[in-house]
Amino acid sequence: MYEHLKAADASVHKIMMSELARQREGAELIPSENLVSVPVLEALGSVFTNKYSEGYPGKRYYAGNEHIDEVELMAIERAKILFGAEHVNVQPLSGSPANMAIYQALMEPGDKLMALKLDHGGHLTHGHPVNFSGKLYTIVHYEVDKKTEQLDYDAIEALAVKEKPKILLAGYTAYARDIDWKRFKEIADKCGAYLMGDISHTAGLVAGKQLPNPVDYCDVVMTTTHKTLRGPRGAIIMCKEPLAKAIDKAVFPGMQGGPHENAIAAKAVAFGEALKDDFKLYAKQCIVNAKAMAAQLEKRGARLVSGGTDTHLILMDVRPFKLNGKKAEAALGKADIYCNKNTIPYDTEKPFVGSGVRLGTPCMTTRGMKEEEMTMLADHIVDALEHADDDDYLAKKRTEVIALCKGFPIYKEIE
Ligand code: DSN
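Residues numbered from 1 in each chain as written. Predicted model: local features only at pLDDT ≥ 70, side-chain atom pairs only at ≥ 80, totals over all residues. Heavy atoms only, no water.

1. Section: the packing of helix H15 (residues 371-386) against helix H16 (residues 391-406)
- In contact at an axis separation of 10 Å, H15 and H16 are set at 170 degrees when each is read in the N-to-C sense. It follows from the interaxial angle that H15 and H16 lie roughly antiparallel. Here Glu373, Met376, Leu377, His380, Asp383 and Ala384 of H15 come into contact with H16, specifically with Tyr393, Leu394, Lys397, Glu400, Val401 and Leu404. (Axes fitted to C-alpha atoms, helices over the stretch in contact; angles between N-to-C directions. Helix = DSSP H or I, 4+ residues; strand = E, 2+ residues; numbered from the N terminus. Parallel < 35°, antiparallel > 145°, perpendicular 65-115°, else oblique. Contact = heavy atoms within 4.5 Å.)

Now the structure itself:
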């Protein structure tokens, strides 16, 4: 694979192989990352990248789109089956533009959006002041409960009834707990809001039938396709039929021009994979692995935000190790353990430092690791954090991590 690239541009090929070596060697525990299959890679690197196809299947602004239509319709159909959605738009380039399109479809500038605060587990596009969402719309943020660090549905209901947002948004990037979608729907109905789900992190677990499906409750659901869903970088929007026209119009021509049909073809391939039975096993193992890692981390003295996890994600407070998130991320990096620094609820550190790190199991689960390896990784993590200033120790730890990962090879097809 990639022999033409190697022959034509050895410089880029060399960098690519170095990145592949990094991915092969290290323990990738960033919860929003995954390892796509070789068929997904092939679809991404296909001739579909050559085509302009502004518009939608059957109604394009360019000639020659018969095969593009076919593959886009296939992606739509598979996503509909996977999530039981009435309508799916597969064109969003990624999560942020997809959220922007949804807001544009359902709100006017100045309208009210209610979402979880970023440092409590939300996302930049959920109304942070530096983001378009915080600049264009009136934002009301809810928080997690200070004691449990979990959603407090009574408090969310009281705030929503008082503020009457146009959109009530649920779905998070650093929240390890399951979401009560039924309760959210009741709250949205009570205050007359659209209920929007952003399941970018958990979509693979929903598709794999391991978490409740928000599509049953929400007016509109957005997910990126490259996290637990294990597809190419990109996003999709799912909605009820009455909102279909507004959503499509907001994506194109409202937000985007030509869709990336190579990515759409790769989405179709990934959705096809997610429809297979073994994807359910993978989704289940992601959660089982996260619980196993969480249990061992706690056993070794770590403090987990919200006390644990129901998903693929763990948010760990690193202050008990006398570290902040930035230092913890750097120390773990030296041991070839990749995670990302993150704020924790009611954090006093700035976002670029944070008091926590996010850990996640999708990549390691895709590699085939199970509970035993998660326990070993948890031990490696705590060992590294306990020796964060000892470079010799971290270098030794790195060889142990590499040896563990070597037993679960990836991309054997690529030399
Ligand atoms: N950057 C993504 C994540 O890591 O969760 C969210 O956009």
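We are not done yet, so read on.
2. Considering the site of the ligand
- With respect to spatial proximity, the complete set of residues near the ligand consists of Ser32, His123, Thr173, His201, Lys227 and Arg358.
- Contacts to the ligand include histidine 201, whose side-chain N or O atom sits 2.7 Å from an oxygen atom.
- Residue arginine 358 places a side-chain N or O atom 2.7 Å away from an oxygen atom belonging to the ligand.
- The cavity that encloses the ligand is the second largest pocket.
- Across the shell around the ligand, the residue classes break down as no nonpolar, four polar and two charged. (Near = heavy atom within 4 Å. Polar contact = N/O pair within 3.5 Å; in protein donor to acceptor, adjacent residues only side chain to side chain. 1 Å grid on protein atoms, 1.4 Å probe; cavity = no way out; pocket = protein on both sides within 12 Å on 5 of 7 lines; lining within 4 Å. Sits in = over half its atoms within 2 Å of the grid points. Nonpolar A, V, L, I, M, F, W, Y, C, P; charged D, E, K, R; others polar.)

3. Considerations on empty space enclosed by the protein
- Counted by the stated rule, this structure contains two cavities of 30 Å³ or more.
- As a volume, the largest cavity reaches approximately 140 Å³.
- When grouped by side-chain class, the residues that make up the lining of the largest cavity number nine nonpolar, six polar and three charged.
- What the second largest cavity holds in volume is close to 50 Å³.
- Taken together, His120, Glu149, Ala174, Tyr175, Ala176, Val305, Ser306, Leu315 and Pro345 make up the full set of residues lining the second largest cavity.
- Of the residues contributing to the lining of the second largest cavity, the split by class is six nonpolar, two polar and one charged. (Points joined across faces, edges and corners; volume = space filled by probe spheres on them.)

4. Some details on the sheet that holds strand S6 (residues 138-142)
- Ordered by their spatial adjacency, seven strands build an open sheet running S4-S10-S9-S8-S7-S5-S6, and the pairing between neighbours is mixed. The open sheet terminates on both sides in strands that have one partner only, identified here as strand S4 (87-89) and S6. Neighbour-to-neighbour, the strand axes of this sheet turn through a mean angle of 20 degrees, independent of strand direction.
- Relative to strand S10 (residues 235-239), strand S9 (residues 220-224) runs antiparallel, the two being bridged by five bridges. (Pairing = 2+ DSSP bridges.)

5. Things to note about the layout of surface pockets
- There is about 640 Å³ of room inside the largest pocket.
- Taken together, 24 residues make up the lining of the largest pocket; nearest its centre are Gln23, Asn34, Val36, Leu41 and Tyr411.
- Where the lining of the largest pocket is concerned, the elements lending two or more residues are helix H2 (10-25) and helix H3 (38-44).
- With six residues, H2 is the largest single contributor of residues to the lining of the largest pocket.
- Looking at the lining of the largest pocket residue by residue, the classes come out as 12 nonpolar, six polar and six charged.
- The wall of the second largest pocket is formed by 26 residues, among which Leu118, Gly122, His123, Leu124 and Thr173 lie closest to the centre.
- Among the elements of the structure, helix H5 (95-106), S9 and strand S14 (340-342) are those that each provide at least two residues to the lining of the second largest pocket.
- In terms of residue class, the lining of the second largest pocket is made up of six nonpolar, 16 polar and four charged.

6. Some words on the side chain of threonine 225
- By secondary structure assignment, the location of threonine 225 is in the loop between S9 and S10.
- Residue classification places threonine 225 among the buried residues on the basis of a relative accessible area of 1%.
- Engagement of the side chain of threonine 225 in a polar contact is seen with the backbone oxygen of proline 232, the distance being 2.8 Å.
- For threonine 225, the contacting residues outside a window of four places in its chain are Arg230, Gly231, Pro232, Arg233, Gly234, Ala235, Ile236, Lys267 and Phe271. (Buried < 20%, exposed > 50% of the residue type's maximum accessible area, 1.4 Å probe, protein only.)

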